[in-house]
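# Fold and contact review
What follows is each chain in one-letter form.
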Amino acid sequence: MQVAAKTREPSDLTTVALKAYARIAEAWGLSVREAASLADMSESTWKRAKKPDFAGELTKDQLLRLSAVIGIYKALELYFSDPLAKSWFTRPNTGPLFAGLRPLDSAIEGGLPQILSIRTYLDALRGGA
């Protein structure tokens, strides 16, 4: 018996990623500017993208950013209890990756490589890397 592999359409991935990211941005209390910058899109695109009827596509870079941010959120939820899990990303941090910046600002400034570094850092903290 053959089982066909279920593949997701790019629009399905975009919808799921944007819905999850919008919830995370809200949970972290990100401004429109911060959420858009972290996702590497303009503020006007972010405002359209968070609506359920968004028909646009995301670049591979944007999808990878959203995926990594979702992973960061999940790691924080597993590693810390509330309210620290919700505020960690937006609080100044003297850790080796952040030099006193908020992880959010560090991620926006450093782009995808820094976002992935933060994800790896958190995975290592909780023993996953």
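If you're wondering where the values come from, they're calculated on a predicted model, not measured in any experiment.

### Digging into the overall build of the chain
- Scanning the chain from terminus to terminus reveals 6 helices and 0 strands.
- In the chain, the succession of helices and strands from N to C terminus is α-α-α-α-α-α.
- Relative to the globule expectation of 14 Å for 129 residues, the C-alpha radius of gyration of the chain, 15 Å, shows essentially globular dimensions.
- Dimensions along the principal axes, computed over C-alpha positions, put the chain at roughly 50 × 45 × 25 Å.

### Digging into the nonpolar core
- Tyr21, Leu38, Trp46 and Phe89 are the most contacted members of the largest nonpolar core, which has 32 residues in total.
- Within the residue set of this core, elements represented by two or more residues are α1 (10-27), α2 (32-38), α3 (43-49), α4 (60-79) and α6 (103-125).
- Apart from the residues lying within four places of it in its own chain, the contact partners of Tyr21 are Leu30, Glu34, Ala35, Leu38, Ala39, Trp46, Leu66 and Val69.

### Here's the deal with the confidence of the model for the chain
- In this model, the chain carries an average pLDDT of 91, and 91% of its residues clear a pLDDT of 70 or more.
- Per-element confidence in the chain ranges from a low mean pLDDT of 90 for α1 to a high of 98 for α2.

### Quick look at the pattern of salt bridges
- One pass over the structure, following the stated rule, counts 7 salt bridges.
- A salt bridge links Arg65 to Asp61; the shortest N-O distance between them is 2.9 Å. Of this pair, Arg65 and Asp61 both sit in helix α4, 4 residues apart, which is roughly one turn of the helix.
- Using a relative accessible area of 8% as the deciding quantity, one classes Arg65 as buried.
- In this structure Asp61 comes out as partly exposed when scored by relative accessible area, which is 28%.
- The shortest N-O distance in the salt bridge between Arg102 and Asp105 comes to 2.8 Å.
- Taking the relative accessible area as the measure of exposure, Asp105 reaches 27% and is therefore partly exposed.
- The structure contains a network of salt bridges with shared partners spanning Glu34, Arg102 and Asp105.

### What about the packing of aromatic side chains?
- Tallied over the entire structure, the rule returns 6 aromatic pairs.
- Seen from their ring centres, Tyr21 and Trp46 are 5.1 Å apart, and the 75° between their planes marks the pair as edge-to-face. Of this pair, Tyr21 sits in helix α1 while Trp46 sits in helix α3, and the two are 25 residues apart along the sequence. Trp46 carries the same exposure label as Tyr21, and that label is buried.

### Focus: the environment of Gln114
- Mapped onto the secondary structure, Gln114 falls in helix α6.
- Exposure remark for Gln114: the relative accessible area of 13% places this residue in the buried category.
- When the C-alpha atoms of Gln114 and Thr15 are compared, they prove to be 24 Å apart, with 99 residues separating the residues in sequence.
- Residue contacts for Gln114: discarding those within four places in its chain leaves Leu97, Phe98, Ser106 and Ala107.
- Engagement of the side chain of Gln114 in a polar contact is seen with the side chain of Ser106, the distance being 2.5 Å.

### Points about the environment of Gly111
- Examined against the element boundaries, Gly111 turns out to sit in helix α6.
- Looking at Gly111, the relative accessible area reads 10%, which means it is buried.
- For the pair Gly111 and Asp40, spaced 71 residues apart in sequence, the C-alpha to C-alpha distance is 8.1 Å.

Quick notes on the rules
Residues numbered from 1 in each chain as written. Predicted model: local features only at pLDDT ≥ 70, side-chain atom pairs only at ≥ 80, totals over all residues. Heavy atoms only, no water. Helix = DSSP H or I, 4+ residues; strand = E, 2+ residues; numbered from the N terminus. Rg over C-alpha atoms; globule rule 2.2 N^0.38 Å. Core = buried A, V, L, I, M, F, W, Y, C linked by side-chain atoms within 4.5 Å. Buried < 20%, exposed > 50% of the residue type's maximum accessible area, 1.4 Å probe, protein only. Contact = heavy atoms within 4.5 Å. pLDDT = per-residue confidence, 0-100. Salt bridge = Lys/Arg side-chain N within 4 Å of Asp/Glu carboxyl O. Phe/Tyr/Trp six-rings, centres within 6.5 Å; stacked < 30°, edge-to-face > 60°. Polar contact = N/O pair within 3.5 Å; in protein donor to acceptor, adjacent residues only side chain to side chain.

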